[in-house]
Amino acid sequence: VSTREAGGLYVHVPFCRRVCPYCDFAVRTARPEQVERYVHAVVREAALWADWSEPLDTIYIGGGTPSRLAPEQLGRLLAALRASLPVDPEAWITLEANPEDVDREQVAAWRALGVRTLSLGVQSFDEEQLRFLVRLHSPQQARRAVELALEASFDVVSIDLIYGLPGQSDAALSRDLARAVELGPQHLSCYQLTVHEDTTFGRWRATGRLSEAGEDRQADMFLQVHRTLQGAGYPAYEVSNFARAPRFESRHNKKYWAHVPYLGLGPSAHSLRVHERWWNLRDVRAWQARVDAGSRGVDSSERLGAAELALEAVMLGLRTVAGIDLEAFRARHGIDLVSRNARLVARLAEEGRCRLEGGRLRLTQDGLAIADRVAGELELRESGP
Ligand code: SF4
């Protein structure tokens, strides 16, 4: 675990106007007074972490729907984070927002609060797909939100898209990507639809009302997304993330992938420091009651052993286009990854799925499509045959 780089601060806002049928995040609907109580509790939780000593140079306000908070509430929250924690005055602030909450006044208020990346939960520009996902915005609203964000000159405007919806054709996916690219955001995040058991979609799958695309179809769509965006000037830097230039890549998310310490506040938020990971109570009321009673909202924690850290580093590293720095990996985890896995690496290279370049092991587009499987196949124990 690196302690050289400054850490990141995440705040989970657990409220949405309506809960989407595919969402498995810790979210719920709420009345304005519940939102206000939550803001109080985050302010309090930040103060309970006043002994956190790692410098923090990114703040990510995610959720849920952070744009449900009034700018005044966001301002109070940011001021409390700065007052209680070692937040760099120049910390890079990212805010997630849903298109239906975006208007000229809101974007101006967010800019005034120092938000540098606005991440818009567009999901699709297609009417039918938005209806299927039961989203509250129309394609026009999505486009307008992106345009307003770009006009407001955030350093980075990012669009979230979901692909791999049942029955989505190549042409439909191409259209969606083209509409996103046409608008000219600096950053795109494209996620394959995942059906989680405890969601409406999960229940539909169980009763046969919804079926997911097969593995081959998913891999084809993954490659279509990567090739199209690469061709359009948005090369991937991680399996789901694409940026027009390296300076637009997500500073905050890169900390997660590099095991840099991070502190999470709010229900369900996760944190990591050195060899320890902990997570907050998922239920908003339980988390709030704990914090109101004067304790941190932590639910549970685990110590990460050497083997777990190495496996995570491989899984996260292989999902990035930069791949794994083999010398740094050996120094940190005591494993010579390539000689330990010479046969597998040779096979993957022959199949065009990986490359050894500049002392790094990196997956190609075809390799990224199966990154998790590759990580699972790598042998991480130093001894053995
Ligand atoms: S808006 Fe986002 S966080 Fe909220 S329910 Fe829908 S998918 Fe989940």
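Here is a short report on the structure shown in this document.

Analysis parameters
Residues numbered from 1 in each chain as written. Predicted model: local features only at pLDDT ≥ 70, side-chain atom pairs only at ≥ 80, totals over all residues. Heavy atoms only, no water. Core = buried A, V, L, I, M, F, W, Y, C linked by side-chain atoms within 4.5 Å. Buried < 20%, exposed > 50% of the residue type's maximum accessible area, 1.4 Å probe, protein only. Helix = DSSP H or I, 4+ residues; strand = E, 2+ residues; numbered from the N terminus. Contact = heavy atoms within 4.5 Å. Pairing = 2+ DSSP bridges. Near = heavy atom within 4 Å. Nonpolar A, V, L, I, M, F, W, Y, C, P; charged D, E, K, R; others polar. Phe/Tyr/Trp six-rings, centres within 6.5 Å; stacked < 30°, edge-to-face > 60°. Lys NZ or Arg CZ within 6 Å of the ring centre and 35° of its normal. Salt bridge = Lys/Arg side-chain N within 4 Å of Asp/Glu carboxyl O. Polar contact = N/O pair within 3.5 Å; in protein donor to acceptor, adjacent residues only side chain to side chain.

### Quick word on the nonpolar core
Leu81, Leu85, Trp110 and Leu120 are the most contacted members of the largest nonpolar core, which totals 91 residues. At six residues, helix H1 (residues 32–48) tops the list of elements feeding residues into this core. Residues in contact with Leu120, not counting those within four places in the same chain, are Ala97, Val102, Ala145, Val146, Ala149, Val157, Ser158, Ile159 and Asp160. Counting residues in hydrophobic clusters, the runner-up holds nine residues, among them Leu133, Val195, Phe201 and Leu210.

### Considerations on unusual backbone geometry
Gly63 connects to Gly64 through a cis peptide bond whose omega is 25°. For Gln123, which is not glycine, the phi dihedral falls at a positive 70°. Residue placement: Gln123 occurs in strand S4 (residues 115–123). The buried category is assigned to Gln123, whose relative accessible area is 8%.

### Some details on the sheet that holds strand S14 (residues 354–357)
Pairing is antiparallel across the open sheet formed by three strands, whose spatial order is S13-S15-S14. If you trace the sheet from one side to the other, it starts and ends with strand S13 (324–325) and S14, each paired once. When S14 meets strand S15 (residues 360–363), the two strands line up antiparallel, connected through four bridges. Bridging across to S15, Arg355 finds its partner in Arg362.

### Quick look at the site of the ligand
If you check the shell around the ligand, you find Cys16, Arg18, Val19, Cys20, Tyr22, Cys23, Phe25, Val27, Gly64, Thr65, Asn98 and Arg135 and nothing else. Here the shell around the ligand is built from residues that sort into seven nonpolar, three polar and two charged.

### Section: the packing of aromatic side chains
Taken as a whole, this structure holds eleven aromatic pairs when the rule is applied. Ring geometry for Tyr22 against Phe201: centres 6.1 Å apart, planes inclined by 40°, an arrangement best described as tilted. Here Tyr22, found in the loop between strand S1 (7–13) and H1, pairs with Phe201, found in helix H7 (residues 200–206); they are 179 residues apart in sequence, far enough to count as distant. Here Tyr22 matches Phe201 in class, with each residue buried. One aromatic cluster is present, formed by Tyr22, Phe132, Phe201 and Trp204 through successive ring pairs. Here the guanidinium or amino end of Arg111 rests over the ring plane of Phe154, the centre of that ring lying 5.5 Å away.

### Some remarks on the pairing of strand S11 (residues 276–280)
Of the strand pairs in this sheet, strand S10 (residues 270–273) and S11 are connected by four bridges, and their pairing is antiparallel. Bridging across to S11, Leu272 finds its partner in Arg277. Following S10, the chain reverses through two residues before pairing antiparallel with S11; Val274 in that reversal takes a positive phi of roughly 45°.

### Thoughts on the pattern of salt bridges
Tallied over the entire structure, the rule returns 25 salt bridges. In this structure, Glu5 engages Lys255 in a salt bridge whose closest nitrogen and oxygen atoms are separated by 3.3 Å. One end of the pair, Glu5, is in the segment before S1; the other, Lys255, is in helix H9 (residues 251–257), with 250 residues separating them in the sequence. For Glu5, a relative accessible area of 38% puts it in the partly exposed group.

### Examining the environment of Asp103
With respect to the secondary-structure elements, Asp103 resides in the loop between strand S3 (87–97) and helix H3 (104–112). Along the chain, Asp103 and Ser158 lie 55 residues apart, while their C-alpha atoms are 16 Å from each other. Only 3.1 Å separates the side chain of Asp103 from the backbone nitrogen of Glu105, close enough to count as a polar contact. At a separation of 2.8 Å, a polar atom in the side chain of Asp103 contacts the main-chain amide nitrogen of Gln106.

Geometry only, nothing functional implied.
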